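Take a look at the letters that make up each chain.
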Amino acid sequence: MFEYLKRHSSKAGKPPGTVEYVGEKAEEQVKITVFAYSEHDVTVTTPARLEDCGRLRAPGTVFWVNLDGVHRTGFVEDAGRVFGLHPLVLEDIVHTEQRPKMEDQGEYLFLVVKMLRWDEAEGRVVDEQVSLVLGDGFVLSFQEEEHGDVFEDIRARIRAGKGRIRKCGPDYLLYSLLDAVVDNYFVVLEKVGDAIEDMEEALLESAGNTQLEELHVLRREALFLRKYVWPLREIVARLERQESELIRDGAKIYLRDLYDHVIQVMDTIETFREVLSGMADLHLSKISLKLNEIMKVLTVISTFFIPLTFIAGVYGMNFRYMPELEWRWGYFAVLGTMGIVAAGMWAFFKKRNLL
Amino acid sequence: MFEYLKRHSSKAGKPPGTVEYVGEKAEEQVKITVFAYSEHDVTVTTPARLEDCGRLRAPGTVFWVNLDGVHRTGFVEDAGRVFGLHPLVLEDIVHTEQRPKMEDQGEYLFLVVKMLRWDEAEGRVVDEQVSLVLGDGFVLSFQEEEHGDVFEDIRARIRAGKGRIRKCGPDYLLYSLLDAVVDNYFVVLEKVGDAIEDMEEALLESAGNTQLEELHVLRREALFLRKYVWPLREIVARLERQESELIRDGAKIYLRDLYDHVIQVMDTIETFREVLSGMADLHLSKISLKLNEIMKVLTVISTFFIPLTFIAGVYGMNFRYMPELEWRWGYFAVLGTMGIVAAGMWAFFKKRNLL
Amino acid sequence: MFEYLKRHSSKAGKPPGTVEYVGEKAEEQVKITVFAYSEHDVTVTTPARLEDCGRLRAPGTVFWVNLDGVHRTGFVEDAGRVFGLHPLVLEDIVHTEQRPKMEDQGEYLFLVVKMLRWDEAEGRVVDEQVSLVLGDGFVLSFQEEEHGDVFEDIRARIRAGKGRIRKCGPDYLLYSLLDAVVDNYFVVLEKVGDAIEDMEEALLESAGNTQLEELHVLRREALFLRKYVWPLREIVARLERQESELIRDGAKIYLRDLYDHVIQVMDTIETFREVLSGMADLHLSKISLKLNEIMKVLTVISTFFIPLTFIAGVYGMNFRYMPELEWRWGYFAVLGTMGIVAAGMWAFFKKRNLL
Amino acid sequence: MFEYLKRHSSKAGKPPGTVEYVGEKAEEQVKITVFAYSEHDVTVTTPARLEDCGRLRAPGTVFWVNLDGVHRTGFVEDAGRVFGLHPLVLEDIVHTEQRPKMEDQGEYLFLVVKMLRWDEAEGRVVDEQVSLVLGDGFVLSFQEEEHGDVFEDIRARIRAGKGRIRKCGPDYLLYSLLDAVVDNYFVVLEKVGDAIEDMEEALLESAGNTQLEELHVLRREALFLRKYVWPLREIVARLERQESELIRDGAKIYLRDLYDHVIQVMDTIETFREVLSGMADLHLSKISLKLNEIMKVLTVISTFFIPLTFIAGVYGMNFRYMPELEWRWGYFAVLGTMGIVAAGMWAFFKKRNLL
Amino acid sequence: MFEYLKRHSSKAGKPPGTVEYVGEKAEEQVKITVFAYSEHDVTVTTPARLEDCGRLRAPGTVFWVNLDGVHRTGFVEDAGRVFGLHPLVLEDIVHTEQRPKMEDQGEYLFLVVKMLRWDEAEGRVVDEQVSLVLGDGFVLSFQEEEHGDVFEDIRARIRAGKGRIRKCGPDYLLYSLLDAVVDNYFVVLEKVGDAIEDMEEALLESAGNTQLEELHVLRREALFLRKYVWPLREIVARLERQESELIRDGAKIYLRDLYDHVIQVMDTIETFREVLSGMADLHLSKISLKLNEIMKVLTVISTFFIPLTFIAGVYGMNFRYMPELEWRWGYFAVLGTMGIVAAGMWAFFKKRNLL
């Protein structure tokens, strides 16, 4: 749950700007993908080294480098050298437990966002850090793992030249990447929303231990979702208001649209949290109601038979002189008395509204 | 409950500006209604195609196009072409799960609001998205469905030339449409308020499972209402402060009035939420009180008879040598003892305040 | 509880500026009272029509028109004509479910506040809307009902020429009216505070159903009080900062004083709410404690006698061969065993801290 | 608890600026103490009338008048005349239920703060209003009662000429008075903190009715403390930012220090409130845990013996034909059966984790 | 828990600027360590008196004095004299219960922060005050105790000339010290996070008294952590925006990075608080669920046997005339009846969902 703390604390005592990977060392290969495109042209290469593709950069061309696997810190340091990134930026890229943020470094904008994925098997949200750099004519994107990214549609659109993407500059590409990340939040939220709905249905039926623990897990998930999305609002708002020449005015309408989506994601998470909190109350109330029902049964049956059993006990005593025992109709009189007592009890329960 | 998430998530991966309807495909016909009016004149037509009515636009004339049924995206795209709307605006119009918002696009203002309706049958609030565009001399309104809109009175007033509406420009028409939407919120709130009052009365009488679940549903309704109305405050506030020439100063006093109404709606929803939250507490306390009462009955009756039954049990033992059994008045002595024990119990309960 | 919603919703579909009364049509007569005073002079009349008293207006004279009974909308429309009020203002005056507010209409200031009264018979707070208009040389005040207003002292001071009121202008009169309204809030809060204190005392004694329901009612009252007073803070703050020439600088120190009072009222209401919320927690805890006590009694008595009764039951069996039954001291041995078991139980309860 | 409301409400209907004492009329004498000091000189007198000591005021001399006993409103009105205070200020001085506040009256600054004292006997916080006026060359301080003030150290320092106080102007004296008031808050908070710690210890031991009610009282105390201290933050912040010439720049560093102390007091009160709220939750949980324990005992003992008692009951029946009764080893067989049932029960409880 | 209050209150009545230590008087020696370094040179001395090392200060040299043990107030006063610190600053340095803060004193910046340590033995967070002064060419750091500081890595880096530290000025040194403090927070948070995770696991298994009290302790810890870290956000934000020449622009990017870390610490603490609050709810619900289970067992077993025992009791009565007793199959008939009753009970429980 708080694993990222372990990674953070392992950094204590290191000088700032130390480029050291803190996540689990993934086995898989690192992969560099480079797109260089203009309105009429697109080149896609996967070079072994970043320096190899410098010749592709040209005025009027948008240059997008995507790096899968930041655990190979050497590649990140290469990128830093080639594109002139600050050591603290490189540290943040490989230190994959950043809070989402945006920094205007003058020459370039640096963004950290979280890509979310719903792990069907474990029934929980998995996050992956995506660092984005928008510079003059280029966009860099750094991902933790190769599989499971949400940019496939963008790649397809660039290749096919569909939509506006080939006609626009790197700011539009940055927007498209952010938009893809945020659009995917809706997919994750849908899964969480489904889980909440299932939960609610189950809860209205029976309020047991399983529901309680699932509810607890869902509330924690919502807490973490919120932690990842909340800072995004400010990031996108600042991007839109940005004075930087890297974001042209034409892109602002798209950023405003993105901002609306982020607000909607946040709204939804807050709604989830409130619904879940209401469900926790509901659960507690349902348990109490159930207890009432159980105790009603016990109370009614106990208080019904206890006096009757006492009467039977009295006439089970072995005293030598118990006149009633000798009476001809004693037994039946006692049975009758018991009937009357039972009827009285019944009336009492009815009056106290216990039946 | 979270259906809109499904619709959103289905959009992931699509390029921005894709005009695609996400709601359920309604069967019903699409209907275009065009009002063109000035102080002395009014023309109402229902053309099959939007292009057909361009000749009605004239200086000094207010041109209002109302489209019922945004699922026919072709019509929306027509409107976009005729009135020069941005693709992102068209996308928002047909994407009927927007958060209420206002965008100043320079040439025109674009607003999204929610029209609410109380579905008597299901006992819940139903929402429908209304998108409004205010341009130079025209107002466009896009609705999801044909039936159940709240603009009938405005149409009547335009036709009859009653009130100020014919004398004023499109900004006043926009205000009137918003005012109609907000006025209808009061109708919906009244229904919800009635449900809350019924609930409260029922709750003070008995705190069972039905009340609990109804309470849960009402709290969720209030949550969703809030989500729809909250953004409206900012929209109207921004409209009022707007520098745009589309809103003239004369309209601002009306917008201020509208703002007051929105604040009042929000106040009421917050009050609902607080009252409902207080009722949830009340419910829990009532259950606990009820349990106390049940347990009091059980405790009193059990502890009353248990010692007596024990005494009877002792003299029901079959030992050969039990001197009391032979006593002439043994039986009566035991009955007397039981009476004394019972009286002592009674005193004890009285003292402990358990009776 | 939510009656005002009914009144609001009945307005849906009406054009803005419709002057229509929404409260219950009071039977009582409408009454116009006009004060025209300067430092040395005062005239009080109760004309049948507002137009009749125009000649009393003169430079250097403060002209105060008080109207009791806004249900006679004709009178309000008269006032609108005579003093040049906007239709929306008139609508707000007769529409007696406004949120307290202030509007600067240039020529005049328009204020809506709530006059509160404690209804001793029903034990709840009753509100009445007071609309105030401050113009050049005049103050208008509109009340819902004739009886029970809080301005009697002001009238007496004007008549007697006591204090500063005759020496000052209409802005001071407006302040005096607002001050009288706010001072009366303290009277109402005192009543509510008394009810809370009684409640608390009752609660510390016993936590039953009556306390629970009274607590619920008090919380709701506090909620409504807050709703009426909260907007007042902003109104008075804006009045004080007002650039308008209608409020002279000399009046600002009084408005600041009034502002302090409003803050104090709000502080008190918030304190009420927190105290009441604490009392709800206390109530729930007391119920649980009570249940513990009840169950302790049941548990101790039951577990004390149940084993003893079992022993008695064993020796009440009718087996032919039960050696103990034949023993000379069997009965007494069993009684002794029972005593030992009872003592053991006692020790056990002591140790588990159950006695 | 809400006594001050009674005092406020008694003022309703009085014209503003009425100098009337609202607290309980104290019997004790009123006492005026006048300090006039410069770096090299100090005169202390206790004149019977304020006018008598006017000749002590001189340029370069700090003139401090302290009045104990504002219930003698005549003295306050004297001070108002001599130092030119506004009637509303005088009203606030004698009206001892003010919210702490600061007013810049141009010629002078007027402050109201609360002096707190811990009443050891009643175990609660007692407040006393101190009004301070800082003018050109003078400071006035008005207290409710003679005994128990926190300025004794300041008087000693002035008399002895220790520290900076004699070298500085009236702004430093004002700061010193405020500092003494705030320093004393720490003394009060320490007492409350001790009470909370005792409470917590008691609570971890046993969660009974006493703890519940003490907790309730402590929460209310914390609520009132907060009410008195909260406005102080703004007062000191405004003093520090003050443009007024009455506060010289040299004093600002001290005011900043004071501000830090006020923040720390507020932090502590908020911490108290959170700790107390956590303890209320703890209390409720402990009660529930206790109930579980009680019920476990009852359940185990009851369910253990109830089946055994039933078996004994069966063989206590008096049927003529009950073959088991005649068996040679019937009695022992039944005892054995009971043993087996008991062992089974034991296993069941173990499995259900009830023992 | 609230020990710092005792220390604060002991200061009441003292004049401001009194340099008096308030913590426990530590026995250990005071230690002064002086670093004087430039890019190419470093001198480390531990002089007995501060005056002795004045000659080390030179232009272009960063001069860092670290004092362990502020309880020797003489040393602090020496430092004040040598570096020209204000008495209030000295007071704050020795008064080790400050709220974290920053003051711009013109000539120098004064900061107070808290160094946190996890005391493994007691399982709680221990704090130590670190006061920092950044002046022209020098940094002073004051610590409470000698052992356990977090600056060892910085000392090593200065000695070894690794990283940027030797190349940068005192502002970078100040940043490094703050960064070391904040990095160590992650270590502490990791420990707390581990404790929370252990807690959660334990809680999901069983919800007893131990868990309850540990939870209470953890919540209090989180409360205190928050109190120490919260003000840091503002400190670092103000440092970054600082106009002062003491912080050069080159250092700002590092301060921004530090700011991100502080935000992340705060986020984590808030998450802790929310998780712990959720766990308290979970605990309460689990207790209630457990109670339900216990009561179910009691109810089922009691209500099962009570009617059967009653039947047995009836036929244990000693009436002379009880026809059933004489019947040949009476006994077996009764056993059968009991079986039928038991089966009926079973069905009833199944239906009411109690088994």
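In this text the structure is predicted, and so the values were computed from the model without any measurement.

S.K.: How should the overall build of chain A be read in this particular structure?
M.R.: Scanning chain A for helices and strands turns up nine helices and seven strands. The C-alpha atoms of chain A give a radius of gyration of 34 Å, which is well past the 20 Å a tight globule of 355 residues would have. With the C-alpha coordinates aligned to their principal axes, the bounding extent of chain A is approximately 120 × 45 × 30 Å. If you take every contact in chain A between residues at least 6 apart in sequence, the share linking residues at least 24 apart comes to 67%. Roughly 14,100 Å² of accessible area belongs to chain A as shown, and the carbon and sulfur atoms make up 50% of that amount. Here chain A carries 43 positive and 57 negative side-chain charges, and the mean point of each set is 4 Å from the other.

S.K.: Teacher, can you tell me more about the relation of the copies chain A and chain E here?
M.R.: Note on the chain copies: they are related by a rotation about an axis and a translation along it. Of the transformation placing chain A onto chain E, the axial shift is 0.0 Å and the rotation is 72°, giving an RMSD of 0.1 Å. Such a combination of rotation and displacement between the chain copies is what one expects of a five-fold axis. When C-alpha distances to the rotation axis are compared across chain A, the minimum falls at A:Gly316, with a value of 4.6 Å. Counting the interface residues of chain A, we find that no more than 15% of their copies in chain E are interface residues as well, pointing to two distinct contact surfaces.

S.K.: Sorry if this is basic, but what is going on with the environment of C:Gly330 here?
M.R.: Residue and element names in this part refer to chain C. Its place among the elements puts glycine 330 in helix H9 (residues 330-351). With relative accessibility at 2%, the residue glycine 330 sits in the buried group. Residues glycine 330 and tyrosine 315 lie 15 residues apart in sequence; the distance between their C-alpha atoms is 9.9 Å.

S.K.: What exactly am I supposed to notice about the confidence of the model for chain A here?
M.R.: Interpretation of the predicted coordinates at a detailed level should be avoided for regions scoring low in pLDDT. For chain A, the average pLDDT comes to 86, and 95% of its residues sit at 70 or higher. Averaged pLDDT values for the elements of chain A fall to 70 in helix H1 (residues 3-9) of chain A and rise to 92 in strand S7 (residues 138-143) of chain A.

S.K.: Sorry, what's going on with the interface of chain C and chain D here?
M.R.: Where the parts come together, the accessible area they lose is often given as the size of the interface. With 68 residues of chain C in contact, the opposing surface of chain D contributes 68 residues. In this assembly, chain C packs against chain D so that about 6,000 Å² is buried in total across both faces, 65% of it on carbon and sulfur atoms. When the buried surface of chain C facing chain D is broken down by residue, C:Phe310, C:Phe319 and C:Tyr321 rank first, second and third, together holding 11% of it. There are seven salt bridges connecting chain C and chain D. When the shortest N-O distance is used, the salt bridge between D:Arg219 and C:Asp281 registers 3.7 Å. The interface formed by chain C and chain D includes 13 residue pairs in polar contact (both at pLDDT 80 or more). The set of elements that each furnish at least two residues to the side of chain C that touches chain D consists of helix H4 (152-160), helix H5 (170-205), helix H7 (249-314), helix H8 (323-326) and H9 of chain C. Of all the elements, H7(C) adds the most residues to the side of chain C that touches chain D, at 36 residues.

S.K.: Which parts of the structure should I look at to understand the pairing of strand S5 (residues 109-119) of chain C?
M.R.: Within a regular beta strand, the side chains point alternately toward one face of the sheet and then the other, so they alternate between its two faces. Residues and elements named next belong to chain C. The buried count for S5 comes to nine of eleven residues, which makes it a mostly enclosed element. The pairing of strand S4 (residues 101-104) with S5 spans four bridges and is antiparallel. In the sheet register, lysine 101 faces S5, and the bridge partner there is valine 112. Pairing of S5 with strand S6 (residues 124-134) involves eleven bridges; the strand directions are antiparallel. Following the sheet pairing, methionine 115 is matched in S6 by glutamate 128. Between the antiparallel neighbours S5 and S6 lie four residues, among them glycine 123 with a positive phi of about 60°.

S.K.: What am I meant to see in the interface of chain A and chain E here?
M.R.: Between chain A and chain E, the residue contacts involve 68 residues of the former and 67 residues of the latter. With both chains or domains summed, chain A and chain E bury close to 6,000 Å², and 65% of this area falls on carbon and sulfur atoms. Contributing elements (two or more residues each) for the side of chain A that touches chain E: H1, helix H3 (87-94), strand S4 (101-104), helix H6 (209-241), helix H7 (249-314), helix H8 (323-326) and helix H9 (330-351) of chain A. The element that contributes the greatest number of residues to the side of chain A that touches chain E is H7(A), accounting for 18 residues. Considered class by class, the residues forming the side of chain A that touches chain E number 33 nonpolar, 15 polar and 20 charged.

S.K.: How do you make sense of the relation of the copies chain C and chain D when you look at a structure like this?
M.R.: Overlaying chain C with chain D gives an RMSD of 0.1 Å, the required rotation being 72° about an axis along which the chain moves by 0.1 Å. Taken together, the interface assignments show that only 15% of the residues at the interface of chain C recur at the interface of chain D, consistent with different surfaces on the two copies.

S.K.: What should I look at first to understand the domain arrangement of chain A in this one?
M.R.: According to the domain assignment, chain A consists of domain 1 (2-285) and domain 2 (294-351). A C-alpha centroid distance of 75 Å is found between domain 1 of chain A and domain 2 of chain A.

S.K.: Help me understand the UniProt feature "transmembrane region" (unreviewed entry) in chain A, please; the structure alone is not making it clear to me.
M.R.: Residue and element names in this part refer to chain A. Mapped onto the present numbering, the UniProt feature "transmembrane region" (unreviewed entry) falls at residues 297-317 and 329-349. What you have in residues 297-317 is 86% helix and 0% strand, and the ends, taken at the C-alpha atoms, are 30 Å apart. End C-alpha to end C-alpha, residues 329-349 measures 30 Å, and it is 95% helix and 0% strand.

S.K.: Can you walk me through the sheet that holds strand S2 (residues 41-45) of chain E in this structure?
M.R.: Paired through backbone hydrogen bonds, the strands of a sheet run either parallel or antiparallel to each other. All names here are of chain E. The seven strands are arranged S2-S1-S3-S7-S6-S5-S4 in an open sheet whose pairing can be described as mixed. The outermost strands of the open sheet, each flanked by one partner alone, are S2 and strand S4 (101-104). Strand after strand, the sheet turns through a mean of 15° between neighbouring axes, direction not considered. The strands touched by helix H5 (residues 170-205) are strand S1 (31-38), strand S3 (62-68), strand S5 (109-119), strand S6 (124-135) and strand S7 (138-143); relative to S5, the strand with the most contacts, the crossing angle is about 30°.

S.K.: Looking at this structure, how should I read the packing of H7(C) against helix H6 (residues 209-241) of chain D?
M.R.: Helix packing geometry: the angle between the two helix axes and the distance between the axes. Orientation of H7(C) relative to H6(D), taken along the N-to-C sense of each, is 170°, at an axis distance of 11 Å. Taken together, H7(C) and H6(D) sit at an angle that is classed as roughly antiparallel. For the pair H7(C) and H6(D), contact is made by C:Asp267, C:Thr268, C:Thr271, C:Glu274, C:Val275, C:Gly278, C:Met279, C:Asp281, C:Leu282, C:Ser285, C:Lys286 and C:Leu289 and by D:Asn209, D:Leu212, D:Glu213, D:His216, D:Arg219, D:Arg220, D:Leu223, D:Phe224, D:Arg226 and D:Lys227, respectively. Grouping the amino acids of the contact of H7(C) with H6(D) by side-chain chemistry returns seven nonpolar, six polar and nine charged.

S.K.: It is not clear to me how a negative patch on the surface should be interpreted in this structure. Could you clarify?
M.R.: All names here are of chain A. Together, Asp198, Glu201, Glu205 and Glu214 give the surface a local cluster of negative charge. If you tally residues by element for the negative patch, the top one is helix H5 (residues 170-205), at three residues. Secondary-structure assignment places glutamate 201 in helix H5.

S.K.: I tried to follow the arrangement of the chains on my own but got confused; where do I start?
M.R.: Chain A makes no contact with chain D; the smallest distance between any of their C-alpha atoms is 9 Å. Structurally, chain B and chain D remain out of contact, their C-alpha atoms never closer than 9 Å.

S.K.: What's the story with the packing of helix H5 (residues 170-205) of chain D against H6(D) in this structure? I'm lost.
M.R.: All names here are of chain D. Between H5 and H6, the least distance of the axes is 11 Å, while the angle of their chain directions is 155°. When the axes of H5 and H6 are compared, the pair comes out roughly antiparallel. Relative to H6, the crossing made by H5 is left-handed. Here Leu174, Leu178, Val182, Tyr185, Val188, Leu189, Val192, Ala195, Ile196, Met199, Ala202 and Leu203 of H5 come into contact with H6, specifically with Gln211, Glu214, Leu215, Leu218, Leu225, Val229, Leu232 and Leu239. Across the contact of H5 with H6, the residue classes tally to 18 nonpolar, one polar and one charged.

S.K.: Got a minute to help me understand the nonpolar core in this structure?
M.R.: One recurring pattern in soluble globular proteins: nonpolar side chains tend to sit buried together. Core analysis: the biggest nonpolar cluster contains 379 residues, and A:Phe151, A:Leu173, B:Leu173, C:Leu173, D:Leu173, E:Phe151 and E:Leu173 have the highest contact counts within it. Apart from residues lying up to four places away in sequence, D:Leu173 is in contact with D:Tyr37, D:Val62, D:Trp64, D:Val139, D:Ile154, D:Ile158 and D:Ile165. Ranked by size, the runner-up nonpolar core spans 110 residues in total, among them B:Phe305, C:Ile301, C:Val314 and E:Ile301.

S.K.: Help me understand the side chain of B:Thr33 in this model?
M.R.: Along the chain, B:Thr33 turns up in strand S1 (residues 31-38). Among residues more than four places away in sequence, those in contact with B:Thr33 are B:Val44, B:Thr45, B:Thr46, B:Trp64, B:Val65 and B:Asn66.

Definitions and cut-offs
- Each chain carries its own residue numbering, running from 1 in the written order of its sequence.
- Chain A is the first chain written and ligand 1 is the first ligand written, with later ones labelled in order.
- The predicted nature of this model means local features are confined to residues of pLDDT at least 70 and side-chain atom pairs, given and counted, to a pLDDT of 80 or more, with totals for whole chains, interfaces and linings taken over all residues.
- Processing note: side-chain calculations cover all non-hydrogen atoms of the structure and skip hydrogens and water entirely.
- We count a stretch as a helix when DSSP gives it H or I for four or more residues in a row; a strand needs E for two or more, and each element gets its number in order from the N terminus.
- Just to be clear, the radius of gyration here is over C-alpha atoms, and the globule rule we use is 2.2 Å times residues to the power 0.38.
- Throughout, a residue-residue contact means that at least one pair of heavy atoms, one from each residue, lies within 4.5 Å.
- Under the convention used here, a 1.4 Å probe and the Shrake-Rupley method define accessible areas, while residue burial counts only the protein chains that appear.
- Only four residue types enter the tally: Lys and Arg on the positive side, Asp and Glu on the negative side; His and the chain ends are excluded.
- Where a charge lies is defined by one atom per residue type, namely NZ (Lys), CZ (Arg), CG (Asp) and CD (Glu).
- Least-squares superposition aligns the copies on the C-alpha atoms of those residues with pLDDT at or above 70 in both.
- Each residue gets one of three labels from its accessible area relative to the maximum for its type: buried under 20%, exposed over 50%, partly exposed in between, using a 1.4 Å probe on protein chains only.
- Confidence per residue, as judged by the predictor, is encoded in pLDDT with a range of 0 to 100.
- Summed over both partners, the accessible area (1.4 Å probe) lost when two parts come together is defined as the buried area.
- In what follows, salt bridge is the name for a side-chain nitrogen of Lys or Arg lying within 4 Å of a carboxyl oxygen of Asp or Glu.
- Polar contacts, as counted here, are pairs of nitrogen or oxygen atoms within 3.5 Å of one another; within protein the pair requires one atom able to donate a hydrogen and one able to accept it, and residues that are adjacent in sequence qualify only if both atoms are side-chain atoms.
- What makes two strands pair is DSSP finding at least two bridges between them.
- The residue classification treats Ala, Val, Leu, Ile, Met, Phe, Trp, Tyr, Cys and Pro as nonpolar and Asp, Glu, Lys and Arg as charged. All others, Gly included, are polar.
- Where each domain starts and ends comes from a domain assignment, either automatic or drawn from a database.
- UniProt positions are given in the numbering used here, feature names are shortened, and annotations may be inferred rather than shown by experiment.
- A fitted line through C-alpha atoms serves as each axis, taken over the contacting stretch for helices, and the angle formed by two N-to-C directions is quoted from 0 to 180°.
- Small angles under 35 degrees read as roughly parallel and large ones over 145 as roughly antiparallel, with 65 to 115 read as roughly perpendicular and the rest as oblique.
- A residue counts toward a patch only above 30% relative accessible area and without a salt bridge, and it is joined to like-charged neighbours within 9 Å or, for Val, Leu, Ile, Met, Phe, Trp and Tyr, to nonpolar neighbours within 5 Å.
- Here a crossing is taken to be left-handed if its near helix is turned anticlockwise relative to the far helix by less than a right angle, and right-handed if that turn runs clockwise.
- By convention a nonpolar core is built from buried Ala, Val, Leu, Ile, Met, Phe, Trp, Tyr and Cys residues, the set being connected through side-chain atoms within 4.5 Å.

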